[in-house]
Amino acid sequence: MAQNESTLSSLEAIQKDINLGQCASAKQKLSNILKERKADLNCLSLLGQIACIEFGIKPDSDNAFREPNTYIQLIEKYLKKSNFQDAYQLAALSAQCFPTIIHFSFGAAMAAEHAGVTQTTYNWLQKVITEKPDHLRAHERMIVCAYKLKRYPEVKQSCFALLDNDKTNSAALIMLSNVFLEENEHEESYKYLRKFVACEDFSKAEQVIIANNVALKLCDYESQSKLPSYFDVLEPNLPAIVLFDTISNISLRSNTNTYNNNKKYLELQQQVGNYLQHKAQQQNFQLNKLTMYPGENSFSGLTYGFLSVSAIPKIGQILAPFFSKLKEQGNKVIFFNVSDNDEKQNLVRRSLKESVDTFFPIKTKDSYQVAKAIAQIETDVLVDLNGFQQPGSQVGIFSWRVSPLQLVWAGIPTPIHYDDVDGQILDPHLIHEDQTGAPSLPLPNVWTCLPQPKEIPYFRETEAEDSVVFSVMSSAEKITADQLKVWAELLKQSTTYVLLFGRAELSNTIHKQHLLDFFSKEGVDAKQIRFISNPPENHLEMYQYVDINLDTFPLHSGITLIEAAWMGVPSVVLCGTEVSQRSGLSVLNNLNLTDGIAFNATEYVDKAEAISKQLSPELRETCHHNAKQSAYFDSDSFARNFDTTVKKRLCQIRYGLN
């Protein structure tokens with residue numbers, strides 16, 4: 001009895017706040033109540049009143065807050081405003097109070113999906129499908145959730161069930177293709193990709209993005225040519241979580257190789273930023289730590305935070321020497337790893353070993369929760385290591401201003417346009433006068449450093465035939481039809497020219513056949529194309545059979561170019577104006593191997609031909625020597641330059657200097 005009286009008193013206090021227009025206080029009190037008791041229509045009514053005040057609308061009648069239609073309309077308004085947290089809470093409470101109305105369960109699922117809470121989305125969709133087995137859209141969204149949760153057998157079973165009723169269901173076709181690709185079932189993946197293309201249902205941006213990526217990974221340029229550009233199918237006002245996945249999957253490949261598309265790409269980034277800034281203000285979690293510094297702070301002994309969403313141990317192995325040097329200079333280094341897999345986090349932790357002061361695992365991927373976790377550990381500088389390069393990007397936490405200085409330092413530099421990014425770490429060669437995006441924070445020479453590779457022979461293994469071997473060491477998804485046409489033009493210049501694809505996956509039947517077919521149509525003899533099916537344990541040994549390395553474009557390589565030079569192999573790059581199109585320019589300038597720098601396709605072929613006529617043991621020795629003596633392997637100097645540049649920027653901010 002006492003508990004009921006307490007609850008009643010609390011509800012009356014909430015109603016009083018609502019009457020006074022104090023919605024934030026009312027929401028907080030209601031959330032506290034719902035943690036302790038099951039929701040009822042009284043609680044839902046209070047939440048509905050709060051929503052009406054926030055939207056500036058009046059209820060249709062005195063009984064409006066007992067009518068399901070009222071909450072259906074309010075949920076839709078929250079979704080249109082991209083306020084997914086409130087949309088989810090209202091939908092979840094409505095589903096409890098009106099359990100027979102599927103709309104509320106599905107609304108809760110959609111709000112949870114847009115907020116990036118995959119498991120919660122999955123649970124609500126299960127409830128919808130249990131109560132309404134013929135709910136087609138719920139089945140299609142369930143497939144996406146199961147895929148994100150890596151439940152591949154369930155994905156396939158659900159897709160096949162959908163195809164039993166509709167053989168042209170585009171959602172099922174493209175997801176099957178994607179899952180079979182994940183399982184290395186390339187023949188099956190190709191089969192369903194072709195069926196998806198044949199059905200010509202390209203109305204959903206999400207499906208077109210998946211199809212483009214699958215086609216690139218399978219080297220299926222014929223299918224890709226029939227697909228629209230990502231930007232041609234993007235729906236207006238996409239939810240932020242969909243935008244995150246969209247711009248991460250685009251990754252500046254073939255569909256952003258124009259000024260207009262690149263501009264659209266940057267606009268999408270800022271659209272995400274606008275949403276997250278709004279979300280940060282709503283959650284009252286905006287921080288501004290610049291006031292933490294004493295008036296005359298010299299910024300010695302900073303606390304650096306580095307944020308990664310990658311679970312690849314190689315990330316730690318590459319960064320460990322740099323982190324150690326930062327610590328030697330009196331700084332503290334914290335590594336934030338966002339991952340939902342403990343084992344992968346442990347692998348990264350082991351690869352970093354003693355190079356960081358603190359390894360801080362974060363198991364949630366919700367931007368607000370990530371921001372909250374990082375803000376609890378005070379950092380002077382937070383450096384995001386991924387930008388928008390892959391799904392799961394957490395650069396959006398910068399909207400909560402979790403550190404006084406917020407920087408992006410990506411492995412392959414790509415354009416960043418996001419108001420809450422204070423700077424992007426680059427080097428002078430990466431910056432172009434027409435460049436757009438976040439402010440540049442250039443280091444004196446190189447933008448990255450690496451641990452020195454093992455010393456292995458870098459001489460060229462001789463072959464029986466007199467040939468010049470060009471290599472492509474990039475992965476399938478970085479290779480586009482435009483590049484293949486340029487490489488075909490090069491190969492047609494001489495029958496002694498050979499193109500070697502160095503990635504093992506490209507020797508698979510599907511990839512190999514697609515590439516051979518493409519070159520055949522361009523008039524290139526199949527004997528000039530080679531594949532590596534059993535690469536050596538140390539991938540650097542591949543370069544012992546290579547004369548010249550051909551880099552991809554518009555998205556350049558970084559480490560690959562440096563490793564090629566280390567093994568005595570010169571490279572050819574085609575450069576543009578954006579940072580993703582200039583990392584090759586940067587590397588070859590810093591290695592003093594500028595003969596391979598081109599600015600158009602014709603020049604690219606000419607440069608490759610010219611170098612082919614200069615091949616000699618002396619050239620290989622020069623490449624190796626320049627790489628070995630370069631700043632790329634001097635982690636001591638790199639850490640000093642990094643630290644000095646960051647501290648200078650902090651001083652500029654602190655004292656209002658330009």
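Residues numbered from 1 in each chain as written. Predicted model: local features only at pLDDT ≥ 70, side-chain atom pairs only at ≥ 80, totals over all residues. Heavy atoms only, no water.

Peer 1: I'd like to hear about the sheet that holds strand β4 (residues 381–384), residue by residue, with values.
Peer 2: The sheet built from seven strands is open, its strands ordered β3-β2-β1-β4-β5-β6-β7 with parallel pairing. The strands lining the two open edges of the sheet, one partner per strand, are β3 (358–362) and β7 (440–442). On average, each strand axis in the sheet is inclined to that of its neighbour by 25°, with strand direction left out of account. Note: strand β2 (residues 332–338) against β3, five bridges, orientation parallel. By the bridge assignment, F336 is partnered in β3 with F360. Along the sheet, helix α19 (residues 367–375) contacts β1 (303–308), β2, β3 and β4; its crossing angle with β3, the most-contacted strand, is approximately 155°. (Pairing = 2+ DSSP bridges. Helix = DSSP H or I, 4+ residues; strand = E, 2+ residues; numbered from the N terminus. Axes fitted to C-alpha atoms, helices over the stretch in contact; angles between N-to-C directions. Contact = heavy atoms within 4.5 Å.)

Peer 1: Got a sec to walk through the environment of W566? Specific residues and values, please.
Peer 2: Of note, W566 is situated in helix α22 (residues 559–566). Note: C-alpha distance between W566 and Y543 (23 residues apart in sequence) is 9.5 Å. Beyond its immediate chain neighbours, meaning those up to four positions away, W566 contacts Q452, P453, K454, E455, Y458, L540, H624, A627, K628 and F633. Of note is the side chain of W566, whose polar atom sits 3.4 Å from the backbone oxygen of K454. (Polar contact = N/O pair within 3.5 Å; in protein donor to acceptor, adjacent residues only side chain to side chain.)

Peer 1: Provide a residue-level description of the pattern of salt bridges, including the pertinent values.
Peer 2: A side chain with one charge may pair with a side chain of the opposite charge, provided their charged atoms come close. Enumeration over the complete set of coordinates arrives at 17 salt bridges. The closest approach of N and O atoms between E131 and K127, which form a salt bridge, is 2.9 Å. Within this pair, E131 and its partner K127 are both found in helix α7 (residues 118–131), separated by four residues, close to a single helical turn. The residue E188 makes a salt bridge to K191 at a minimum N-O spacing of 3.2 Å. Taken together, the residues E188 and K191, both in helix α11 (residues 186–199) and three residues apart, mark about one turn of the helix. Here K191 falls in the partly exposed class, since its relative accessible area comes to 34%. (Salt bridge = Lys/Arg side-chain N within 4 Å of Asp/Glu carboxyl O. Buried < 20%, exposed > 50% of the residue type's maximum accessible area, 1.4 Å probe, protein only.)

Peer 1: Can you lay out the packing of aromatic side chains for me, pointing to particular residues and giving the numbers?
Peer 2: Going through the model one piece at a time under the given rule, you end up with 31 aromatic pairs. On the numbers, 6.0 Å between centres and 55° between planes, the contact of Y304 with F642 is tilted. Here the residue Y304 occupies a position in strand β1, and F642 occupies one in helix α26 (residues 635–654), the gap between them amounting to 338 residues. An identical accessibility class is assigned to Y304 and F642; each is buried. Arranged with centres 5.6 Å apart and planes meeting at 15°, the rings of F501 and F531 form a pair that is stacked. With F501 in strand β9 (residues 497–501) and F531 in strand β10 (residues 529–531), this pair connects stretches of sequence that are 30 residues apart. For the pair shown, F501 and F531 are each scored as buried. Aromatic ring contacts, followed pair by pair, group Y304, F306, F322, F323, F335, F359, W409, F638 and F642 into a single cluster. The aromatic ring of Y122 is capped on one face by R151, whose charged end is 4.3 Å from the ring centroid. (Phe/Tyr/Trp six-rings, centres within 6.5 Å; stacked < 30°, edge-to-face > 60°. Lys NZ or Arg CZ within 6 Å of the ring centre and 35° of its normal.)

Peer 1: Outline the sheet that holds strand β8 (residues 468–472), listing residues and values.
Peer 2: In spatial order, the strands read β10-β9-β8-β11-β12-β13; together these six strands make up an open sheet with parallel pairing. Edge positions in the sheet fall to β10 and β13 (597–598), since each of these pairs with one other strand and no more. Examined bridge by bridge, β8 and β9 share five bridges and lie parallel to one another. Along β9, the bridge assignment pairs V469 with V498. Here helix α24 (residues 601–612) sits on the sheet in contact with β8, β9, β11 (548–550), β12 (571–574) and β13, set at roughly 170° to β12.

Peer 1: Explain the packing of helix α20 (residues 481–491) against helix α21 (residues 509–521) to me, and be specific about the residues and the numbers.
Peer 2: One can describe the packing of α20 onto α21 by two numbers: an axis separation of 10 Å at closest approach and a directional angle of 55°. Viewed along their axes, α20 and α21 adopt a mutual orientation that is oblique. Note on packing geometry: the crossing formed by α20 with α21 is right-handed. Mapping the contact onto sequence places A481, L484, K485, W487, A488 and L491 in α20 and L515, F518 and F519 in α21. Considering only residue class, the contact of α20 with α21 consists of eight nonpolar, no polar and one charged. (Parallel < 35°, antiparallel > 145°, perpendicular 65-115°, else oblique. Left-handed = near helix turned anticlockwise from the far one by under 90°. Nonpolar A, V, L, I, M, F, W, Y, C, P; charged D, E, K, R; others polar.)

Peer 1: Tell me about the packing of helix α6 (residues 102–114) against α7, and name the residues and values.
Peer 2: Their axes nearest at 8 Å, the elements α6 and α7 cross at an angle of 160°. Compared by their axis directions, α6 and α7 come out roughly antiparallel. Handedness of the α6/α7 crossing: left-handed. Contacts between α6 and α7 involve I102, S105, F106, A108, A109, M110, A112 and E113 on the former and, on the latter, T120, T121, W124, L125, K127, V128 and E131. A per-class count over the contact of α6 with α7 returns nine nonpolar, three polar and three charged.

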